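Descriptive structure summary
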Amino acid sequence: MEKIIVNGGRKLCGEVEISSAKNSILPIIASSILTNEKCIIENAPMLEDVFVICEVLENLNSKINIDKESRMITIDNSNLKLNEPSHNLVRKMRASFLTMGAMVARFGEFKISLPGGCNIGSRPIDLHLKGFKALGVQVEVGYGYVEAKVSKLKGNNIYLDFPSVGATENIMMAAVMAEGETIIENAAEEPEIVDLAKFLNSMGAKIIGAGTDKLRIIGVNRLNGARHRPIYDRIEAGTFMVAAAITRSKLKVINVSEEHVKPIIAKLTEMNVGIEIDKNSIIVDGDRDLKPVDIKTMPYPGFPTDMQAQMMALLCTVKGTGVITETIFENRFMHASELKRMGANIKLDGRSAIIEGVEHLTGAEVKATDLRAGAALILAGLGADGCTKIGDIYHIDRGYVDIEKKLKKVGAQIERISESDIKVV
Ligand code: UD1
């Protein structure tokens, strides 16, 4: 078991390069199922979750080459089989369920384990299933599995009760090969949806309106292979922007689309963090007198739930009171108790957290309870006095490429060590 050790209280300085978006590449890899021809993904982030989705496809007899050096993933689905992906793999990552729409479109049937809940809430799949049913799919859920069957997918009008990112993606992947036209209303508008639509359209799909709440999908008979470079990771960018703020330092974050991080820029600006936009990079100046803010997480273009934990860490270090309201996930404050171990003053009241800034966070032994919670603890460690030891860092490796190396490069004292090393220290 590995841990990340952070010696806090140091200023950061320099440039950080952001990798491609995890949440873009996962559905894009799943959508390659729709074609017999080769698909190539450039500048792929070498992340645990990416390896897991590739393994899920390999369970389906996909031939995948991951070139870690050039960060290129080549997928050949010409001999894909209607296998059942391993239960243990599907349990590892909810996004495995994103293979459902594409598999049903390609084979007319598919059986996969129920993805189940996770640390941040129960996370049902009812909206995915509602969409499939509207396209004519017979869906059965039982004995821990979802089984889907259809003789011919038929386009339909679908209204999502909530703009779920995963449901929008899964339904899109099924609808591109359906007969006729599908309209998805109250669709998710996230940049990752736009990226998936762009990839699918380059494969020959006809998707109109991605990035708005209404998607129009005109079914086609076949899709061809395609080459794609995913968008940059707006959440990784936001995490490094907060790294500058929490250490009261100046950092240049390279490979960011201003459009994608607008809600993060808005909140940091309200906190008096300096923001300078320069083409595809953002200079963040946290060396100022910062003010607390209130934050409410919302579907895009609202404030992202995936930045909530990091902002909580920052608010812990800012004099005054800030309130965070989490509206997307039912149980996404697990990091609060870990931050309290570091001296934070946080009170939880249902879906809200009231954060009273303290003079100094203090290093402590803590655990990453999920991916973004883990990132928040690294940030808290950077801004704290003394040494923070973060355990269960496999959560962090799911979604951040070389986080400790990138932070080290800009002056952080941060190490990854294995449990046996810790005993020696
Ligand atoms: C995606 C992101 C995740 C992000 C989340 C919200 C990926 C791989 N993951 O997750 O990082 O935190 O969007 O921005 O892209 N819901 C239902 N029924 C459903 C589907 C969802 O009730 O059928 C609920 C969920 O329980 C949750 C909310 O809708 O409370 C948002 O979920 P959703 O947008 O689907 O998130 P994911 O696609 O799982």
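Placed above this text is the structure.
Since the model is a prediction, treat every value here as computed from it, not as a measurement.

According to the stated counting rule, one finds 0 aromatic pairs in the structure shown. The ring of Tyr145 carries the charged tip of Lys111 above its face, separated from the ring centre by 4.7 Å.

Take the site of the ligand next. Looking at the ligand, there are 17 residues lining it, with Asp126, Leu127, Ser164, Asp306 and Ile328 nearest. In the model, a nitrogen atom of the ligand is placed 2.6 Å from a nitrogen or oxygen of the Asp126 side chain. For the ligand, the accessible surface in isolation is 740 Å², of which the surrounding protein chains cover 84%. Here the element with the most residues in the shell around the ligand is helix H5 (residues 126-134); it accounts for 3 residues.

With mixed pairing, 4 strands are arranged side by side in an open sheet as S4-S5-S3-S13. The sheet is open, and its two edges are formed by strand S4 (63-67) and strand S13 (227-228), each paired on a single side. Relative to strand S5 (residues 72-76), strand S3 (residues 39-41) runs antiparallel, the two being bridged by 3 bridges. From the neighbouring strand, Cys39 faces S5, where its bridge partner is Ile75. Its contacts with the sheet put helix H1 (residues 22-31) on S3, S5 and S13, and the angle it makes with S5 is roughly 25 degrees.

Definitions and limits used
- Residue positions within a chain follow its written sequence, with the count starting from 1.
- Totals for whole chains, interfaces and linings use all residues, but because this is a predicted model, local features are given only for residues with pLDDT of at least 70 and pairs of side-chain atoms are given and counted only at 80 or more.
- For the side-chain quantities, the full set of heavy atoms in the structure was used; hydrogens and water were omitted.
- Centres within 6.5 Å are what make two rings of Phe, Tyr or Trp a pair, Trp counting through its six-membered ring; a difference in plane orientation under 30 degrees is then read as stacked, over 60 as edge-to-face, and the rest as tilted.
- For a ring to carry a charge above it, either NZ of a lysine or CZ of an arginine must fall within 6 Å of the ring centroid while also lying within 35 degrees of the normal to the ring plane.
- One heavy atom suffices: a residue is near a molecule or strand as soon as one of its heavy atoms comes within 4 Å of it.
- Whenever two N or O atoms come within 3.5 Å, that pair is a polar contact, provided that in protein one can donate a hydrogen and the other can accept it, and provided that, for residues adjacent in sequence, both atoms are side-chain atoms.
- For every accessible area listed, the method is Shrake-Rupley and the probe measures 1.4 Å; residues are considered covered only by the protein chains on display.
- In this description a helix means any DSSP run of H or I spanning at least four residues, a strand means any run of E spanning at least two, and both kinds are numbered starting from the N terminus.
- Paired strands, as defined in this entry, are two strands with at least two bridges between them according to DSSP.
- Residue contacts follow a heavy-atom distance rule, with two residues in contact if any of their heavy atoms lie within 4.5 Å.
- All axes here are fitted lines through C-alpha atoms, helices being fitted over the stretch that makes contact, and every angle between N-to-C directions spans 0 to 180 degrees.

In short, shape yes, function no, at least from these values alone.
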